[in-house]
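# Residue-level structural notes
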Amino acid sequence: IRVQKKNALLKQIAPDAETCEINSLKPKWRTFLEDLEAFNDMLEEQRGELKLSLEKDRDAMLGEVDKFHSTWQALKPNVEQEMTADSAREVIDSLNEWKLKLDELQGRVDKIVADLTNFGDMQIPAFEVLEQVRTDIAENESQWGLYGDFTSELQAMSSEVWVAFRAKIFTFED
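This structure is a prediction, so every number in the text was calculated from the model and none was measured.

### Observations regarding helix 3 (residues 85-119)
In an α-helix, one full turn covers 3.6 residues, which means residues spaced three or four apart are oriented alike. Between the first and last C-alpha of helix 3 there are 51 Å, a value that for 35 residues agrees with the 51 Å anticipated at 1.5 Å per step. Inspection of helix 3 places A88, V91, I92, L95, W98, L102, L105, Q106, V109, I112, L116 and F119 among the buried residues, and these make up the whole buried set.

Okay, structure coming up:
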């Protein structure tokens, strides 16, 4: 009503000035509000679909992490069996492969966690099992790393000619 009074006053003072017909704006404004409401409804629908998709991704990642943990528990190196130098080298190589697989899985987990965090109101799993596997692999890697260092140094010493090596025999004690 106030706008109509001001529009009428403007017509009286400046009859040549362009004025706005309020009555023609009402249907446009109503159409705009309806379109805005339809857009908000579409956003809510897409938000729900995105939430379902993230929940599926989260559940799939939890399953994948559990599968990785179970596979690690079944296939991790066993020191109780008798080993040759070649089998020990295979264990060291397999630990490196496990670590690469774990890093790749951790990257995907971090992406899922970031997506869930960005979405806001979603439950974010802790993935404790992944940290247990990381710790276990690190422990195995440090144990087998000592053996790997020892064998590589021993190989380097054994490749030298005895006559040249006997002058530096003190390095063997280190």
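Moving on from the coordinates now.
### Some points on a negative patch on the surface
A contiguous patch of negative charge on the surface is contributed by E34, D35, E37, D41, E44, E45 and E49. Turning to its location among the elements, E34 is positioned in helix 2 (residues 22-75).

### With respect to the pattern of salt bridges
When the charged atoms of two side chains with opposite charge come close together, those side chains can pair. By the definition in use, this model includes nine salt bridges. K99 is the partner of E141 in a salt bridge, and the nearest nitrogen-oxygen pair spans 3.6 Å. Of this pair, E141 sits in helix 4 (residues 128-158) while K99 is found in helix 3, placing the two residues 42 residues apart along the sequence. Between K111 and D115 there is a salt bridge, with the nearest N and O atoms lying 3.0 Å from each other. In this pair, K111 and D115 both sit in helix 3, four residues apart, roughly one turn of the helix. For K111, a relative accessible area of 53% gives the class exposed.

### Side note on the packing of helix 3 against helix 4
For the pair helix 3 and helix 4, the least separation of the axes is 9 Å and the interaxial angle reads 150°. If you check the angle between helix 3 and helix 4, you find them roughly antiparallel. For the pair helix 3 and helix 4, the crossing hand works out as left-handed. Residues that form the contact of helix 3 with helix 4 fall into these classes: 14 nonpolar, five polar and five charged.

### A short note on the packing of aromatic side chains
Per the stated rule, a full pass over the model turns up three aromatic pairs. Taking 5.3 Å as the distance between ring centres and 70° as the angle between the ring planes, the aromatic pair formed by F68 and W98 counts as edge-to-face. Within this pair, whereas F68 is found in helix 2, its partner W98 is found in helix 3, the two being separated by 30 residues in sequence. Comparing F68 with W98 shows no difference in burial state: the two are buried. On the numbers, 5.2 Å between centres and 75° between planes, the contact of W72 with W98 is edge-to-face.

### Thoughts on the nonpolar core
Residues M61, V65 and L130 are the most contacted members of the largest nonpolar core, which totals 22 residues. Among the secondary structure elements, those contributing two or more residues to this core are helix 2, helix 3 and helix 4. Here this core gets eleven residues from one element, more than from any other, and that element is helix 3. Not counting residues up to four positions away in its chain, the partners in contact with M61 are L105, R108, V109, I112 and F127.

The rules we used
Residues numbered from 1 in each chain as written. Predicted model: local features only at pLDDT ≥ 70, side-chain atom pairs only at ≥ 80, totals over all residues. Heavy atoms only, no water. Helix = DSSP H or I, 4+ residues; strand = E, 2+ residues; numbered from the N terminus. Expected span 1.5 Å × (residues − 1). Buried < 20%, exposed > 50% of the residue type's maximum accessible area, 1.4 Å probe, protein only. Patch = residues over 30% accessible without salt bridge, like charges linked within 9 Å, V, L, I, M, F, W, Y side chains within 5 Å. Areas by Shrake-Rupley, 256 points an atom, 1.4 Å probe, with all protein chains shown as cover. Salt bridge = Lys/Arg side-chain N within 4 Å of Asp/Glu carboxyl O. Lys, Arg positive; Asp, Glu negative; His and termini not counted. Charge placed at Lys NZ, Arg CZ, Asp CG, Glu CD. Axes fitted to C-alpha atoms, helices over the stretch in contact; angles between N-to-C directions. Parallel < 35°, antiparallel > 145°, perpendicular 65-115°, else oblique. Left-handed = near helix turned anticlockwise from the far one by under 90°. Nonpolar A, V, L, I, M, F, W, Y, C, P; charged D, E, K, R; others polar. Phe/Tyr/Trp six-rings, centres within 6.5 Å; stacked < 30°, edge-to-face > 60°. Core = buried A, V, L, I, M, F, W, Y, C linked by side-chain atoms within 4.5 Å. Contact = heavy atoms within 4.5 Å.

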